[in-house]
Amino acid sequence: MVEPSGPRNVGGVARAIANFSGDPLQLELRLVAPRCDPRGEEARLMAVHGVSVLESARVFPCLAAALADCGRVVATSGRGEGEPMPPSSPDEALGWLLGATDRAATALVFGREDRGLSRDELLMAGRLLTIDTGASYSSLNLAQAAAVVLQRLRVLSQGVVKGSAGRSGEGEPARRDRLEALLADAESLLLEVGFLHPHTAHARMAKVRGLLQRGQVDDGEVALLRGMVRQLRWACRHLPRDAGSS
């Protein structure tokens, strides 16, 4: 939590962490320059049985320090337009977060109640997560947003992917066809944006296809690939046409 000003929000997030932590998730609370007493009476009243989360929370002077030991980072944002990278759905962003293969910590970053995260802070993340809400009132309370995201993180960490029940009858050939289509999109977009030379792009996609054929591509990696295609499509729409040659 970056510069939280409301002790009740801090307590509410601590309670959400207590609700959704545990095998397979090991969650902790990190506070960046809090503008309230994060262990005071108001925070404790909201935390209820999550008081131990408050007491063990670590405090850092800046976001960079809080993320120093983290590999993959997902930042939350409600602004949508004007972000430094295209926002992802919770499943896409959290799937990417859970797909980390190293032992480094991973992080979910929640911004200030009044203005969220700055552009520089958003750029410290590998993915931006936005929660889909009704257009008439899209702003979520900070603790509510944390509860929504952490609940989804827990579900995904247990291997339950949104919509899997609707695809339960889908055979392996159909699943591979969908992944092949994603790979084809990724390769053509990489070439269009100019991020990779044709030979390199083809080699990268061939490697992923090999993993797919051996059954070594899991749901987290599929979510990561989907997110990459989404970002490449955004880049194709927004980058200057001569960006690849600059």
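Note that this is a predicted model, so its numbers are computed, not measured.

*Asks:* Teacher, can you tell me more about the overall build of the chain here?
*Replies:* For the chain, the count of helices and strands is 10 helices and six strands. Residues counted as buried form 41% of the 246 residues belonging to the chain. A sequence separation of at least 24 residues applies to 80% of the contacts in the chain between residues at least 6 apart. Carbon together with sulfur atoms contributes 52% to the accessible area of the chain, which is approximately 13,500 Å² in total.

*Asks:* Teacher, can you tell me more about the sheet that holds strand E5 (residues 105-109) here?
*Replies:* In a beta sheet, neighbouring strands are held together by backbone hydrogen bonds and run either parallel or antiparallel to one another. The sheet built from four strands is open, its strands ordered E4-E6-E3-E5 with parallel pairing. Two strands lie at the open edges of the sheet, namely strand E4 (87-88) and E5, each paired on one side alone. Summarising the sheet, E4 and strand E6 (residues 127-129) pair through two bridges and their orientation is parallel. When the sheet's bridge partners are listed, Pro 87 is paired in E6 with Leu 128.

*Asks:* Teacher, can you tell me more about helix H7 (residues 142-157) here?
*Replies:* One turn of the α-helix equals 3.6 residues, which is why residues spaced by three or four share an orientation. With 16 residues, H7 extends 22 Å between its outermost C-alpha atoms, agreeing within 8% with the 22 Å of an ideal straight helix rising 1.5 Å per residue. Those residues of H7 not exposed but buried are Leu 142, Ala 143, Ala 145, Ala 146, Val 149, Leu 150, Arg 152, Leu 153, Arg 154, Val 155 and Leu 156. Packed against the buried residues of H7 are helix H1 (7-20), helix H5 (90-98), E5 and E6. Positive phi appears at Gly 159, one or two residues downstream of H7, with a value of about 85 degrees.

*Asks:* Could you clarify how one ought to interpret unusual backbone geometry in this entry?
*Replies:* The bulk of non-glycine residues show a negative phi, and the bulk of peptide bonds are trans. The peptide bond linking Asp 23 to Pro 24 adopts the cis configuration, its omega dihedral lying at 10 degrees. Within the element layout of this structure, Pro 24 appears in the loop between H1 and strand E1 (30-32). Its identity as a non-glycine residue notwithstanding, Glu 3 has a phi of 45 degrees, on the positive side. Unusually for a residue other than glycine, Ala 33 sits at a positive phi of about 45 degrees. Assignment of secondary structure puts Ala 33 in the loop between E1 and helix H2 (41-47).

*Asks:* Could you clarify how one ought to interpret the nonpolar core in this entry?
*Replies:* Most often, soluble globular proteins have nonpolar side chains that are buried together. Formed by 33 residues in total, the largest nonpolar core has its most connected members in Met 1, Val 10, Val 13, Leu 29, Leu 54, Leu 94 and Leu 129. If you list the elements that add at least two residues to this core, you get H1, H2, helix H3 (51-56), H5 and H7. Within the second largest apolar cluster, 16 residues are counted, among which are Phe 60, Leu 63, Ala 107 and Ala 125.

*Asks:* I tried to follow H5 on my own but got confused; where do I start?
*Replies:* Counting buried positions over the nine residues of H5 gives eight, a clear majority of the element. Along H5, the residues that are buried comprise Pro 90, Asp 91, Glu 92, Ala 93, Leu 94, Gly 95, Trp 96 and Leu 97.

*Asks:* Any chance you could explain the confidence of the model for the chain here in plain terms?
*Replies:* Of the residues in the chain, 64% reach a pLDDT of 70 or more, and the chain-wide mean stands at 80. The weakest mean pLDDT in the chain belongs to helix H9 (residues 198-213) at 63; the strongest belongs to E1 at 98. Low pLDDT, under 50, characterises residues 160-170; the stretch is placed with 12 contacts to residues that sit more than four places away or in other chains.

*Asks:* Sorry, what's going on with the side chain of Glu 121 here?
*Replies:* With respect to the helices and strands, the residue Glu 121 is situated in helix H6 (residues 119-122). One polar contact links Glu 121 to Arg 112, side chain to side chain, over a distance of 2.8 Å. With sequence-adjacent residues up to four places away left out, Glu 121 is seen in contact with Val 2, Leu 63 and Arg 112.

*Asks:* Sorry if this is basic, but what is going on with the side chain of Asn 9 here?
*Replies:* Within the fold, Asn 9 resides in helix H1. Judged by its relative accessible area of 12%, Asn 9 falls in the buried class. With residues up to four places along the chain from it excluded, the contact list for Asn 9 reads Met 1, Glu 113, Asn 141, Leu 142 and Ala 143.

*Asks:* How do you make sense of the packing of H1 against H7 when you look at a structure like this?
*Replies:* Between two packed helices, both the angle of their axes relative to each other and the distance between the axes serve to describe the pair. Where H1 meets H7, the axes come as close as 8 Å, and the angle between the chain directions of the two elements is 15 degrees. Regarding the angle of H1 to H7, the classification is roughly parallel. As H1 runs across H7, the sense of the crossing is right-handed. Residues Asn 9, Gly 12, Val 13, Ala 16, Ile 17 and Phe 20 of H1 form the contact with H7, whose participating residues are Leu 142, Ala 143, Ala 146, Ala 147, Leu 150, Gln 151 and Arg 154.

*Asks:* So what exactly am I meant to see when it comes to the pattern of salt bridges here?
*Replies:* Proximity of charged atoms lets side chains of opposite charge pair with each other. Across all of its chains, the model carries 11 salt bridges by this definition. The closest approach of N and O atoms between Arg 112 and Glu 3, which form a salt bridge, is 2.9 Å. Taken as a pair, Arg 112 in the loop between E5 and H6 and Glu 3 in the segment before H1 lie far apart in primary sequence, 109 residues in all. With a relative accessible area of 9%, Arg 112 lands in the buried category. Ionic pairing is found between Glu 3 and Arg 115, a salt bridge with its closest N-O pair at 3.9 Å. Taken together, the positions of Glu 3 in the segment before H1 and Arg 115 in the loop between E5 and H6 put the pair 112 residues apart, joining distant regions of the chain. By sharing partners, the salt bridges in this structure join Glu 3, Arg 35, Arg 112, Asp 114, Arg 115 and Glu 121 into a single network.

Conventions adopted
- Residues numbered from 1 in each chain as written.
- Predicted model: local features only at pLDDT ≥ 70, side-chain atom pairs only at ≥ 80, totals over all residues.
- Heavy atoms only, no water.
- Helix = DSSP H or I, 4+ residues; strand = E, 2+ residues; numbered from the N terminus.
- Buried < 20%, exposed > 50% of the residue type's maximum accessible area, 1.4 Å probe, protein only.
- Contact = heavy atoms within 4.5 Å.
- Areas by Shrake-Rupley, 256 points an atom, 1.4 Å probe, with all protein chains shown as cover.
- Pairing = 2+ DSSP bridges.
- Expected span 1.5 Å × (residues − 1).
- Core = buried A, V, L, I, M, F, W, Y, C linked by side-chain atoms within 4.5 Å.
- pLDDT = per-residue confidence, 0-100.
- Polar contact = N/O pair within 3.5 Å; in protein donor to acceptor, adjacent residues only side chain to side chain.
- Axes fitted to C-alpha atoms, helices over the stretch in contact; angles between N-to-C directions.
- Parallel < 35°, antiparallel > 145°, perpendicular 65-115°, else oblique.
- Left-handed = near helix turned anticlockwise from the far one by under 90°.
- Salt bridge = Lys/Arg side-chain N within 4 Å of Asp/Glu carboxyl O.

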